[in-house]
Amino acid sequence: FSRQFVYWIQRQPMDHKVTEHSRVFITIYKFLTGETSAVPISGEHIQKIGFQNTDPRTDLRTAGMFSLLQALYFISTAPDLAKKFYA
């Protein structure tokens, strides 16, 4: 990837209306918590995985989707280590 592409991703805010954004977030949440049922994107439950507020967009405002993609990559490539960080 080019540096410009990475900067572009970083400037993309999380948007609940974009299916891919929601799927990335829910995938990370379900992986870390072991949840199997449907979960909403926002709510107090997201604080279980380290978000400070009930809407993940407020915590991701600076790094945008880049943050979520990094977390998705981490749980995909080092799932055992990711679980240890979460525990």
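Right above here is the structure, for reference.
Residues numbered from 1 in each chain as written. Predicted model: local features only at pLDDT ≥ 70, side-chain atom pairs only at ≥ 80, totals over all residues. Heavy atoms only, no water.

Q: What should I look at first to understand the overall build of the protein chain in this one?
A: On a plain count of helices and strands, the protein chain comes out with five helices and zero strands. Across its three principal directions, the C-alpha atoms of the protein chain cover 35 × 25 × 20 Å. Across the 87 residues of the protein chain, 29% fall into the buried class. For the protein chain, long-range pairs separated by at least 24 residues make up 51% of all intrachain contacts whose partners lie at least 6 apart in sequence. Here the protein chain carries 10 positive and 7 negative side-chain charges, and the mean point of each set is 5 Å from the other. (Helix = DSSP H or I, 4+ residues; strand = E, 2+ residues; numbered from the N terminus. Buried < 20%, exposed > 50% of the residue type's maximum accessible area, 1.4 Å probe, protein only. Contact = heavy atoms within 4.5 Å. Lys, Arg positive; Asp, Glu negative; His and termini not counted. Charge placed at Lys NZ, Arg CZ, Asp CG, Glu CD.)

Q: Just checking my understanding: could you explain the environment of Ala 63 for this structure?
A: Inspection of the secondary structure puts Ala 63 in the loop between helix 3 (56–59) and helix 4 (64–77). According to the relative accessible area criterion, Ala 63 is partly exposed, its value standing at 24%.

Q: Explain the nonpolar core to me, please; I cannot follow it from the model alone.
A: The nonpolar side chains of a soluble globular protein tend to be buried with one another. Grouped together as the largest cluster of nonpolar side chains are 18 residues, with contacts concentrated most on Met 14, Phe 25, Ile 28, Ile 49, Phe 51 and Leu 68. Looking at this core, the elements that each hand over two or more residues are helix 2 (19–33) and helix 4. (Core = buried A, V, L, I, M, F, W, Y, C linked by side-chain atoms within 4.5 Å.)

Q: So what exactly am I meant to see when it comes to the packing of helix 2 against helix 4 here?
A: If you want to describe how two helices pack, look at the angle between their axes and the distance between the axes. The N-to-C vectors of helix 2 and helix 4 enclose an angle of 45°; their axes lie 10 Å apart at closest approach. Classified by the interaxial angle, the pair formed by helix 2 and helix 4 is oblique. The element helix 2 and its partner helix 4 pack so that their crossing is left-handed. Between helix 2 and helix 4, the contacting residues are His 21, Val 24, Phe 25, Thr 27, Ile 28, Phe 31 and Leu 32 on the first element and Met 65, Leu 68, Leu 69, Ala 71, Leu 72 and Ile 75 on the second. (Axes fitted to C-alpha atoms, helices over the stretch in contact; angles between N-to-C directions. Parallel < 35°, antiparallel > 145°, perpendicular 65-115°, else oblique. Left-handed = near helix turned anticlockwise from the far one by under 90°.)

Q: Please clarify how a nonpolar patch on the surface should be interpreted in this entry.
A: A cluster of nonpolar side chains, Phe 1, Phe 5 and Trp 8, forms an exposed patch at the surface whose accessible area comes to about 420 Å². With respect to the secondary-structure elements, Phe 5 resides in helix 1 (residues 3–10). With relative accessibility at 34%, the residue Phe 5 sits in the partly exposed group. (Patch = residues over 30% accessible without salt bridge, like charges linked within 9 Å, V, L, I, M, F, W, Y side chains within 5 Å. Areas by Shrake-Rupley, 256 points an atom, 1.4 Å probe, with all protein chains shown as cover. Salt bridge = Lys/Arg side-chain N within 4 Å of Asp/Glu carboxyl O.)

Q: Sorry if this is basic, but what is going on with the environment of Val 24 here?
A: Tracing the backbone shows Val 24 in helix 2. Classification of Val 24 as buried rests on a relative accessible area of 12%. Not counting residues up to four positions away in its chain, the partners in contact with Val 24 are Leu 68, Leu 69 and Leu 72.

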